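Remarks on the overall topology
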Amino acid sequence: VRERVVPDAPPLNDVLKGKIFVQNFPSATVAHVLQPQPGELVADLCAAPGGKSTHLGQAMQGEGLLLSVDRSKGKAARLRQSMASLRPSLDP
């Protein structure tokens, strides 16, 4: 069950679609803790919907190998969409 911290705040689903990627705190901190560098190999093994992977790719400045997988076919499709929509910002 989800509990809203600010019950009267509107949901952020599809707000600024393609401009922001809303994440929970643990997902948002992964790239900061890992501190991936350009040219490194990084694996995100539970990657859908793509927030962690796109953040990692940006931290790597589009250089290196980022392996992003998910075991669910539907989630993997969402992951591909997320990565494709943010691809220009991942390129060096």
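Positions within a chain are numbered from 1, following the residues in the order the chain's sequence is written. Whole-chain, interface and lining totals are the exception, using all residues; otherwise, since this is a predicted model, local features are given only for residues with pLDDT of at least 70 and side-chain atom pairs are given and counted only at 80 or more. Calculated side-chain values reflect all of the structure's heavy atoms, with hydrogen atoms and water omitted.

Assigned secondary structure in the protein chain consists of three helices and two strands. Only protein chains enter the area calculation, which uses a 1.4 Å probe; residues under 20% of their type maximum are buried, those over 50% are exposed, and those in between are partly exposed. Scored against the burial criterion, the 92 residues of the protein chain give a buried share of 25%. Within the protein chain, counting contacts between residues at least 6 apart in sequence, those at least 24 apart form 55% of the total. Of the roughly 7000 Å² of accessible surface on the protein chain, a fraction of 57% belongs to carbon and sulfur atoms. Counting from the N terminus, the helices are DSSP H or I runs at least four residues long and the strands are E runs at least two residues long. Only heavy atoms enter the contact rule, under which two residues are in contact if any of them lie within 4.5 Å. Note on areas: these come from Shrake-Rupley sampling with a 1.4 Å probe, and a residue is covered only by the protein chains present in the view.

Attention shifts here to a nonpolar patch on the surface. Together, Leu12, Val15, Leu16, Ile20 and Val22 make up a nonpolar patch on the protein surface, roughly 430 Å² of accessible area in all. Here Val22 falls in the exposed class, since its relative accessible area comes to 51%. Surface patches are drawn from residues lacking salt bridges whose relative accessible area is over 30%; two like charges belong together within 9 Å, two nonpolar side chains (Val, Leu, Ile, Met, Phe, Trp, Tyr) within 5 Å. Think of a salt bridge as a Lys or Arg side-chain nitrogen and an Asp or Glu carboxyl oxygen that are within 4 Å of each other.

A few words on the confidence of the model for the protein chain. Each residue carries a pLDDT score, the predictor's confidence in it, ranging from 0 to 100. Per-residue confidence for the protein chain gives a mean pLDDT of 82, with 85% of residues at or over 70. When pLDDT is averaged over each helix and strand of the protein chain, the minimum, 78, is found for helix H3 (residues 73-90) and the maximum, 96, for strand S1 (residues 41-44).

Cis geometry is found at the peptide bond from Ala48 to Pro49, where omega equals 5°. In this structure, Pro49 sits in the loop between S1 and helix H2 (51-59). With a phi close to 55°, Gln61 is a non-glycine residue in the positive phi region. With respect to the secondary-structure elements, Gln61 resides in the loop between H2 and strand S2 (65-68). Given a relative accessible area of 48%, Gln61 falls into the partly exposed group.

This next bit is on the pairing of S2. It is a general feature of regular strands that their side chains alternate between the two faces of the sheet. When DSSP finds at least two bridges between two strands, those strands are taken to pair. Pairing geometry for S1 and S2, over four bridges, is parallel. Within S2, the position partnered with Leu41 by the bridge is Leu65. Crossover handedness for the path S1 to H2 to S2: right-handed. For crossovers, right-handed means that the path from the first strand over the helix to the second runs clockwise, given strands pointing away from the viewer.

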